[in-house]
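What follows is the residue order along each chain.
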Amino acid sequence: MRQVVVSETDAGQRLDKYLHKVLAKAPKGFLYKMLRKKNITLNEAKAAGSEKLQPGDRIQMFLSADTLEKFSASVRGNPGRAQKPGLQPEIIYEDEQILLLNKPVGLLSQKSAPQDDSLADWVWEYLREKMSGQIAPGFSPGICNRLDRNTSGIVAAGKSVRAQQELSALFQKRQLGKYYLCPVQGVLKEAGHLRGYLKKLERENRAVLCESGQDASAYIETAYRPLGDNGCLTLLEVELFTGKTHQIRAHLAGIGHPLVGDAKYGGSRWGRVCQERWGIRYQMLHAWRLQMPVCLGLLKDLSQRVFYAGLPASFQDFLQKEHLEEFMPWKKKSENRLS
């Protein structure tokens, strides 16, 4: 028999999901069968699997040593933490519940292939080291929002199940203020608020704007405010209300103002201009500010706080060369939502 005492880190998740992590190689049907037969119990009582775990709960597994060894999750080895100096994220903020990181350009949020470096794996390795080399078997640290490989800026991660759940819920319910900086083609003088629908084309790894009601399309909403221009390029602050793949890139290209460096949405001619004139091969987009709503309970220390992520050096150099740096809003401590 093996007994596991639920820690603060593991609390808040369903019993069946916890078991699926601890006995990761076991079929789901096997786990539910063991629950029905009371070979797996919760606090010495029969359990259905839907129970929410609390700190101090005791899970008993009346299984043979061979069965436990056969189905147990293997110890995770090197998860592929980014080792290249240019791919190391910067820790913006950390407390007992969350991590806020400044993701560099070139680092994936999550792996797309086993050999990839990713921010999610960096978080796992960082917390494993910080927790004396071991993470509880029922908890898999993860990030709560994603950025494209070549988009830099703020990414949030939870350090416990409940913190991860509450933080993810803020993103899903669109309660956070998410602001980006990007230089775009052309001159914009007035703020705008864009609404529409976006359809992802998986094979082409791109998205297209479409009419409402089309299959697989999702509603998107983006606001922007010009910070200043040099006569041919405009520096924008963009507020993201929904968070769909390539939303900012597609929305701004759709009104004729593609991001600097974005050949995918700005066209091959624009891509050549960006490469030949500035040596830029990817979209210049940075998630620079995260504004927290009123938070209670576990995240109360974050209530109404605003967090900033410094620009990559290449981004700063570009703004200096194009005389756009003077329009940067770094010294502003609080602003209203864009209208």
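Notes on the structure follow. (Residues numbered from 1 in each chain as written. Predicted model: local features only at pLDDT ≥ 70, side-chain atom pairs only at ≥ 80, totals over all residues. Heavy atoms only, no water.)

## Topic: helix H2 (residues 28-36)
No. 1: All of the buried residues along H2 are Leu31, Met34 and Leu35. All buried residues of H2 project into a common sector of 100 degrees when viewed along the axis, lining one side.
No. 2: Buried residues along H2 sit against helix H1 (15-22) and strand S2 (40-42).
No. 3: Note on H2: the residue one or two positions beyond its end, Lys38, has a positive phi of about 60 degrees. (Buried < 20%, exposed > 50% of the residue type's maximum accessible area, 1.4 Å probe, protein only. Helix = DSSP H or I, 4+ residues; strand = E, 2+ residues; numbered from the N terminus. Arc of directions from axis to C-beta. Contact = heavy atoms within 4.5 Å.)

## Describing the pairing of strand S12 (residues 233-240)
No. 1: Taken across its eight residues, S12 has eight buried, putting it largely inside the fold.
No. 2: The side-chain alternation of S12 yields two buried faces, one formed by Leu233, Leu235, Glu237 and Glu239 and the other by Thr234, Leu236, Val238 and Leu240.
No. 3: Sheet topology note: the strand S8 (residues 177-185)/S12 ladder contains seven bridges and is antiparallel. What sits directly across from Leu181, in S12, is Glu237.
No. 4: Note: strand S11 (residues 217-229) against S12, seven bridges, orientation antiparallel. Along S12, the bridge assignment pairs Asp229 with Thr234. (Pairing = 2+ DSSP bridges.)

## With respect to the nonpolar core
No. 1: Of all hydrophobic cores here, the largest spans 27 residues; its most connected members are Val123, Tyr180, Cys182, Leu236, Val238, Ile248 and Leu252.
No. 2: Among the secondary structure elements, those contributing two or more residues to this core are strand S5 (98-103), helix H4 (119-130), strand S7 (152-158), S8, S12 and helix H6 (247-254).
No. 3: The element best represented in this core is H4, accounting for five residues.
No. 4: If you look at the next biggest cluster of nonpolar residues, it comprises 21 residues, including Leu31, Met34, Leu35 and Phe71. (Core = buried A, V, L, I, M, F, W, Y, C linked by side-chain atoms within 4.5 Å.)

## Quick notes on the environment of Gly153
No. 1: Looking at where Gly153 falls in the secondary structure, it is placed in strand S7.
No. 2: Sequence-wise, Gly153 and Leu290 are 137 residues apart; in three dimensions their C-alpha atoms are separated by 9.7 Å.
No. 3: Ignoring sequence-local partners within four residues, the contact set of Gly153 consists of Leu101, Asn102, Lys103, Leu147, His286, Ala287 and Ala309.

## A look at the sheet that holds strand S3 (residues 58-61)
Strand pairing in a sheet relies on backbone hydrogen bonds, with the paired strands running either antiparallel or parallel.
No. 1: With respect to topology, three strands assemble into an open sheet ordered S1-S3-S2, the strand pairing being antiparallel. For this open sheet the edge positions go to strand S1 (2-5) and S2, each flanked by a neighbour on one side alone. For this sheet, the mean inter-axis angle between neighbouring strands, taken without regard to orientation, is 15 degrees.
No. 2: As defined by bridge partners, S2 adjoins S3 across three bridges and the pair is classed as antiparallel. Residue pairing in the sheet places Ile40 in a bridge with Met61 of S3.
No. 3: Against the sheet, H1 makes contact with S1, S2 and S3, and its axis sits at roughly 55 degrees relative to S3, the strand it touches most. (Axes fitted to C-alpha atoms, helices over the stretch in contact; angles between N-to-C directions.)

## Things to note about the packing of aromatic side chains
No. 1: Going through the model one piece at a time under the given rule, you end up with seven aromatic pairs.
No. 2: A centroid spacing of 6.1 Å and a plane angle of 75 degrees characterise the contact between Trp270 and Trp278, whose relative ring orientation is edge-to-face.
No. 3: Take Trp278: its relative accessible area is 18%, and that puts it in the buried class.
No. 4: Through a chain of ring-to-ring contacts, three or more aromatic side chains come together here, namely Trp270, Trp278 and Phe318.
No. 5: One residue, Arg206, lies across the ring of Tyr265, its end atom 4.9 Å from the ring centre.
No. 6: The cationic tip of Arg289 hangs over the ring face of Tyr179; the distance from NZ or CZ to the ring centre is 3.8 Å. (Phe/Tyr/Trp six-rings, centres within 6.5 Å; stacked < 30°, edge-to-face > 60°. Lys NZ or Arg CZ within 6 Å of the ring centre and 35° of its normal.)

## Some thoughts on unusual backbone geometry
No. 1: In the Ramachandran plot, Lys38 falls in the positive-phi region, its phi being about 60 degrees despite a non-glycine side chain.
No. 2: Mapping Lys38 onto the fold places it in the loop between H2 and S2.
No. 3: Overall, the relative accessible area of 43% leaves Lys38 in the partly exposed class.
No. 4: One non-glycine residue, His323, adopts positive backbone phi at about 55 degrees.
No. 5: The residue His323 is located in the segment after helix H9 (313-321) in this model.
No. 6: Residue His323 is classed as exposed on the basis of its relative accessible area, which comes to 57%.

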